[in-house]
Amino acid sequence: ELRYTHVFEEGELLGWGGYGSVVSSEYFIDGQKYAIKKVPIDGRTLYEDARREVQVLALLKHPHIVQYYTAWFVSDIHGKMGSDSTGPDSATEVAAAAAAASEIETIRGCLYIQQEFCESDLAKLIDRGVGEEEGYRIFLEILEGVSFIHSQGIVHGDLAPKNIFLDKNNRVKIGDFGIAKFVERNELSQVGFEYYSAPEIPCQPDPRSDIFSLGIILFELFHELKTGHERYTVLNMLRDSKLTDPERKVQYDGPIAKLALKLVHKNPTERPEINWIRDQVKELSDDPWSRLKLVSSSC
Ligand code: ATP
Ligand code: MG
Ligand code: MG
């Protein structure tokens, strides 16, 4: 804990996640605020899961992905781990000690992940209400980020408004790669997998599951859902490939709703490619009449 408490001034708790907490901390040396994710580790599986998140983050340097700076592990067993008291070689020593610790089953401690601090997230923005022009800009930025993630052979797996952050300039920063997976690139083995594996076995990570999430997000960006109940019925209706809200007798038949419907197609192979989606969204955003067409009609 030496390194962290000596060079960071801990600020507020930003949130609790499935496995730990995220705090804002100021780094004494550069005077900047960072988001530090603290992942308590008790056992090798947790350690490997947390490491995969870091490995994914380290690969993804992009203007629309939360910037990762560094990560360090402080072991309960090897008190020295993560300490910067060992001089200039400490980074190598920490890595070596962490590698040695990962050999044993009883690995225990805390993994710290230093990331760019983001002011807000899409869930808060949606609550506040999203302007149409802003909606297009934000969705196009999300598409750029997701396109890059997929180009690196990674599936995010948890795209949702609370995992899409916004920096102080309101630019999209995709974050939370806690369940991200590397795609199996061997096409042949994938064919074999589809034929022979039992359906109850979880499928290979598939980038098309991210497209589904994008469909729900696209809809929510352009259609204000006033109450929790309305959000529940309408988003479940969309998940079920329907565009009519049975309770309010509202038909969502604008171009955004129709596009969102394509993205949430039940059959993943029918979901469109990111480039195609981007072209459609750009076309709509350039169309001066799109505002009229977005309005849902009552039936
Ligand atoms: P969940 O399972 O609820 O999605 P999680 O365990 O996956 O949470 P994160 O989503 O990474 O953890 O972070 C938990 C919370 O910490 C977020 O909801 C957010 O409030 C805050 N947070 C995470 N990263 C940042 C960041 N870079 N900047 C600002 N706040 C952040
Ligand atoms: Mg999250
Ligand atoms: Mg998560």
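As annotated in an unreviewed UniProt entry, the protein chain is Protein kinase domain-containing protein from Rhamnella rubrinervis.

Next up on the list: the sheet that holds strand β1 (residues 8-16). Sheet architecture is open: 5 strands sit in the order β1-β2-β3-β5-β4, paired in antiparallel fashion. Of all the strands in the sheet, just β1 and β4 (68-75) have a single pairing partner and so form its edges. Between one strand axis and the next, the sheet turns through 25° on average, direction left out of account. Across the face of the sheet, helix α2 (residues 44-59) comes into contact with β3 (33-42), β4 and β5 (108-116) while running at roughly 150° to β3.

Once that is clear, we can look at the coordination of the magnesium ion (ligand 3). Only Asp176 (OD) and Asp176 (OD) from the protein coordinate the magnesium ion (ligand 3), and they sit 2.3 to 2.6 Å from it. Here Asp176 lies in the loop between β9 (172-174) and β10 (181-182).

With that settled, consider the layout of surface pockets. Each pocket or cavity is described by its volume, and for the largest pocket that value is around 770 Å³. Lining the largest pocket are 33 residues, and of these Val22, Lys37, Asn163, Phe165 and Asp176 sit closest to its centre. Elements with a minimum of two residues in the lining of the largest pocket: β1, β3, α2, β5 and β6 (120-121). Here the lining of the largest pocket is built from residues that sort into 15 nonpolar, 8 polar and 10 charged.

So, on to helix α8 (residues 228-239). Its 12 residues give α8 an end-to-end C-alpha distance of 16 Å, which sits within 8% of 16 Å, the value for a rise of 1.5 Å per residue. Among all positions in α8, only Glu230, Thr233, Val234, Leu235, Met237 and Leu238 are buried.

Each donor-metal-donor angle in an ideal tetrahedron of four donors is 109.5 degrees, and each such angle in an ideal octahedron of six donors is either 90 or 180 degrees. Coordination of the magnesium ion (ligand 2) by the protein involves Asn163 (OD1) and Asp176 (OD), with metal-donor separations of 2.0 to 2.1 Å. What makes Asn163 buried here is its relative accessible area of 4%.

Relative to strand β2 (residues 21-27), β1 runs antiparallel, the two sharing 6 bridges. Counted as the bridge partner of Glu9 is Glu26 from β2. Here β1 folds back onto β2, and the loop between the two strands holds 4 residues.

A few words on the packing of helix α5 (residues 132-151) against helix α7 (residues 207-222). Between α5 and α7, the shortest axis-to-axis distance is 10 Å and the interhelical angle comes to 170°. Taken together, the axes of α5 and α7 are roughly antiparallel relative to one another. Contacts between α5 and α7 pair Glu132, Gly135, Tyr136, Ile138, Phe139, Ile142, Leu143, Val146 and His150 from the former with Pro207, Asp210, Leu214, Ile217, Leu218, Leu221 and Phe222 from the latter. By residue class, the composition of the contact of α5 with α7 is 12 nonpolar, 2 polar and 2 charged.

Structurally, Ser209 is set in helix α7. Spatially, the C-alpha atoms of Ser209 and Val7 are 40 Å apart, while their sequence positions differ by 202 residues. If we skip the residues at most four places from it in the chain, Ser209 touches Val155 and Arg271.

Let us now look at the packing of aromatic side chains. By the definition in use, this model includes 11 aromatic pairs. With a centroid separation of 6.4 Å and 80° between ring planes, the pair formed by Tyr27 and Tyr34 is classed as edge-to-face. With centroids separated by 4.7 Å and ring planes inclined at 55°, the aromatic side chains of Tyr136 and Phe222 adopt a geometry described as tilted. With Tyr136 in helix α5 and Phe222 in helix α7, this pair connects stretches of sequence that are 86 residues apart. Grouping residues by exposure puts Tyr136 and Phe222 together as buried. The rings of Tyr4, Phe8, Tyr27, Tyr34, Tyr69, Trp72 and Tyr112 are connected pair by pair, giving a single aromatic cluster.

Rules and cut-offs
Residue positions are given per chain, counting from 1 as you read along its sequence in written order. As a convention, the first chain written is A and the first ligand written is 1, with the rest following in written order. In keeping with the model being predicted, local features are shown solely for residues with a pLDDT of at least 70 and side-chain atom pairs are shown and tallied solely at 80 or more, while totals for entire chains, interfaces and linings include all residues. Processing note: side-chain calculations cover all non-hydrogen atoms of the structure and skip hydrogens and water entirely. Should DSSP find at least two bridges between two strands, the strands are taken to pair. Numbering of helices and strands runs from the N terminus, with a helix taken as a DSSP run of H or I at least four residues long and a strand as a DSSP run of E at least two residues long. Fitting a line to C-alpha atoms yields each axis, with helices limited to the stretch in contact; the angle taken between N-to-C directions then spans 0 to 180 degrees. Two residues form a contact once any of their heavy atoms are found within 4.5 Å. Nitrogen, oxygen and sulfur within 2.8 Å of a metal are treated as its donors, or within 3.2 Å for sodium, potassium and calcium (Na, K, Ca); water is not counted, so a site can appear incomplete. Here the term cavity refers to a set of points on a 1 Å grid, laid over the protein atoms alone, in which a 1.4 Å probe fits but cannot get out; the term pocket refers to an open set having protein on both sides within 12 Å along at least five of seven lines, with lining residues being those that place an atom within 4 Å of a point. Grid points are joined across faces, edges and corners, and a volume is the space filled by probe spheres set on the points. Each residue gets one of three labels, nonpolar for Ala, Val, Leu, Ile, Met, Phe, Trp, Tyr, Cys and Pro, charged for Asp, Glu, Lys and Arg, and polar for the others, Gly among them. The length a helix should cover is 1.5 Å for every residue beyond the first. Under the scheme applied here, a residue whose accessible area is under 20% of the maximum for its type counts as buried, over 50% as exposed, and between as partly exposed, the area being computed with a 1.4 Å probe on protein chains only. Note that the term roughly parallel is reserved for angles under 35 degrees, roughly antiparallel for angles over 145, roughly perpendicular for angles of 65 to 115, and oblique for everything else. Stacked, tilted and edge-to-face are the three classes applied to pairs of Phe, Tyr and Trp rings, where Trp contributes its six-membered ring and a pair requires centres within 6.5 Å; stacked means planes under 30 degrees apart, edge-to-face means over 60, and tilted covers the rest.

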